[in-house]
Amino acid sequence: MEKYLLYINGEFKESSDKTTFDAVNPYSGEVFAQISKATAEDAKDAVRSARKAFDSGIWSELPRSERSRIMKQIVDKINENAKQLAKLEAMDSGSTIRKAGEDVYLSARSMNYFAKMADVDLDENIEGLSRPGVSKNILRREPVGVAGLIIPWNFPLKMAVWKLGPALAAGCTVILKPAQETSVTANELARLIDMTDMPKGVVNIISGSGSIIGNELVNNADVDKIGFTGSTEVGKTIMINAAGNLKKITLECGGKSANIVLDDADIDMSVDGAVYAAFYHQGQCCEGGTRLLVHEKIYDEFIAKLKSKVSKMKTGDPMDKTSDNGPVINRKQFDLVMNYIKAGKEEGAEVLTGGKSPDESRLLIEPTVFVNVNNKMKIAREEIFGPILAVIKFKDDEEAVRIANDSIYGLGGGVWSRDDARALKIASAMRTGTVWINDYHLMNDRAPFGGYKQSGIGREFGIDGIKEYTEAKHIHIDEIKDLNKKTWYKTVVPD
Ligand code: TAP
């Protein structure tokens, strides 16, 4: 059986107490790998390694082009190993193999974007400041330092790349901690990175418990920044604990996004889009369109087509290329999702289709659509992270926006309409980080992604995402070299 070790300071090692945990296939229940479980001491060791590497300048002072070249080697390694990575990702996370293949492709694409960005000078000359004509003002973007990167289980490889890419492009050194549920592809990534010219200590990858090693990264004074993706609940804990040395934090947290179908939408297209928005990766998707708002004028036709489409989805073995819906991640998540189905019924919502488990032992849950939902119900307010869609009827655009914004979250959202101007007006009124018009889920490496309200703090992707791993430094250079010509300050007293 494959055994993965901790990757610290360019070396693979057992955890200090030699403990391991199992990688379990959620569909088959099979244990297919063992992973060294880092202790708090190992996490401290990884921080020391990253700190030393950062302070030595082996990465931050490397010419940008060289950092970019090494990051492109990671892209090549991901591409060369795409098939194996996709297979492992599907085995570890329960992702359908179709989605896992796409995830690997997108991971390579995103890393390639960040590799290119590593070679882009983000410094700026600022005009019109201080003493015009006699001073030069430079804005430098310097790496924030050592970054602790903590990620969840739903998109393991993609999340690892989305965190490593901007941090490395900015010149930071890192400690990456994958979720215990899905640590395999991050550990594979450690092996691939080790084959590149990445200097020792720049990238450290350790697996283990969030409350032990994640907590150590958050509390350790030698870590300058935490990049976190996960639940809002843990995000809040991190925010409190990071206050110790006033760490910079980026939090990408939960969501309950509204997907709005207007009365002028192409019905067949928006039905397909609504299914994709809600049930992608068994609904275990932070930006998923889990509240579907449908205009009353098209409601009946739309719902009939939605029922027909969802009831034909194939739930089963994620390794089968024809499966649309695989298992949820673990027993705890299975029970939680089934409890939400129960709660939906108890609150008076009606199951349009689904609602059962075709095979509990394989953690399968049918894609489930609830109708007769109102926005006060639990299934409309709380993030479920499972294949559950809540459909709400609305009468006009104003009401749709009001319902969409009536949420503690603000991560994603969609608008389906043939009228771009009308859709854009609604998109602008939605208090959320991303809105797709006549589409869903599509990420753009150049466009910022992140949450309003309790969906998070900060942004990933694009220049905004890289800036999250930098400190802005202003350097003022005065051109006057003669003391007699200096005027330190001029008091302007109003008459
Ligand atoms: P969490 O339970 O929040 O776990 C996320 C990560 O934090 C895991 O690596 C976890 O470690 C670690 N962790 C747990 N407690 C910690 C602590 N006290 N200090 C530091 N780290 C700690 O989330 P999850 O269940 O894995 O993922 C689902 C959640 O992620 C959903 O709410 C979803 O919306 C959110 N999510 C958000 C986004 C974006 S981009 N906004 C994307 C994907 C997912 P262990 O679990 O290994 O112990």
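See the structure above.
Scope of this entry: the structure provided in the associated data block.

What follows deals with the site of the ligand. Around the ligand lies a shell of 29 residues, among which Ile151, Gln180, Ser231, Cys253 and Glu383 are the nearest. Within the backbone of glycine 230, an N or O atom sits 3.3 Å from an oxygen atom of the ligand. Within the backbone of cysteine 253, a nitrogen or oxygen atom sits 2.6 Å from a nitrogen atom of the ligand. Breaking the shell around the ligand down by element, the ones donating at least two residues are helix H7 (210–219), strand S11 (225–229) and helix H8 (232–241). No other element matches the three residues that H7 contributes to the shell around the ligand. Its residues assigned to classes, the shell around the ligand comprises 15 nonpolar, eleven polar and three charged. Residue contributions to the shell around the ligand reach at least three from each of two domains, namely domain 1 (2–253 + 455–475) and domain 2 (258–437).

The subject of this paragraph is the pairing of strand S17 (residues 388–394). Consecutive side chains along a regular strand alternate between the two faces of the sheet. Most of S17 sits inside the fold, with six of its seven residues counted as buried. Relative to S17, strand S14 (residues 291–295) runs parallel, the two sharing five bridges. Paired with arginine 291 across the bridge in S17 is alanine 390. In this structure, strand S16 (residues 368–371) lies alongside S17, joined through three bridges in parallel fashion. Its bridge partner being in S17, threonine 368 is matched across the sheet by isoleucine 388.

Between its terminal C-alpha atoms helix H2 (residues 64–80) stretches 25 Å, which fits the 24 Å expected from 17 residues at 1.5 Å a residue. Within the span of H2, buried status applies to Arg67, Ser68, Ile70, Met71, Ile74, Val75, Lys77 and Ile78. Among the structural elements, helix H3 (82–93), helix H4 (97–118), helix H5 (156–170) and helix H6 (184–194) are those in contact with the buried residues of H2.

What counts, and at which threshold
- Residues numbered from 1 in each chain as written.
- Predicted model: local features only at pLDDT ≥ 70, side-chain atom pairs only at ≥ 80, totals over all residues.
- Heavy atoms only, no water.
- Near = heavy atom within 4 Å.
- Polar contact = N/O pair within 3.5 Å; in protein donor to acceptor, adjacent residues only side chain to side chain.
- Helix = DSSP H or I, 4+ residues; strand = E, 2+ residues; numbered from the N terminus.
- Nonpolar A, V, L, I, M, F, W, Y, C, P; charged D, E, K, R; others polar.
- Domains from an automatic or database assignment.
- Buried < 20%, exposed > 50% of the residue type's maximum accessible area, 1.4 Å probe, protein only.
- Pairing = 2+ DSSP bridges.
- Expected span 1.5 Å × (residues − 1).
- Contact = heavy atoms within 4.5 Å.

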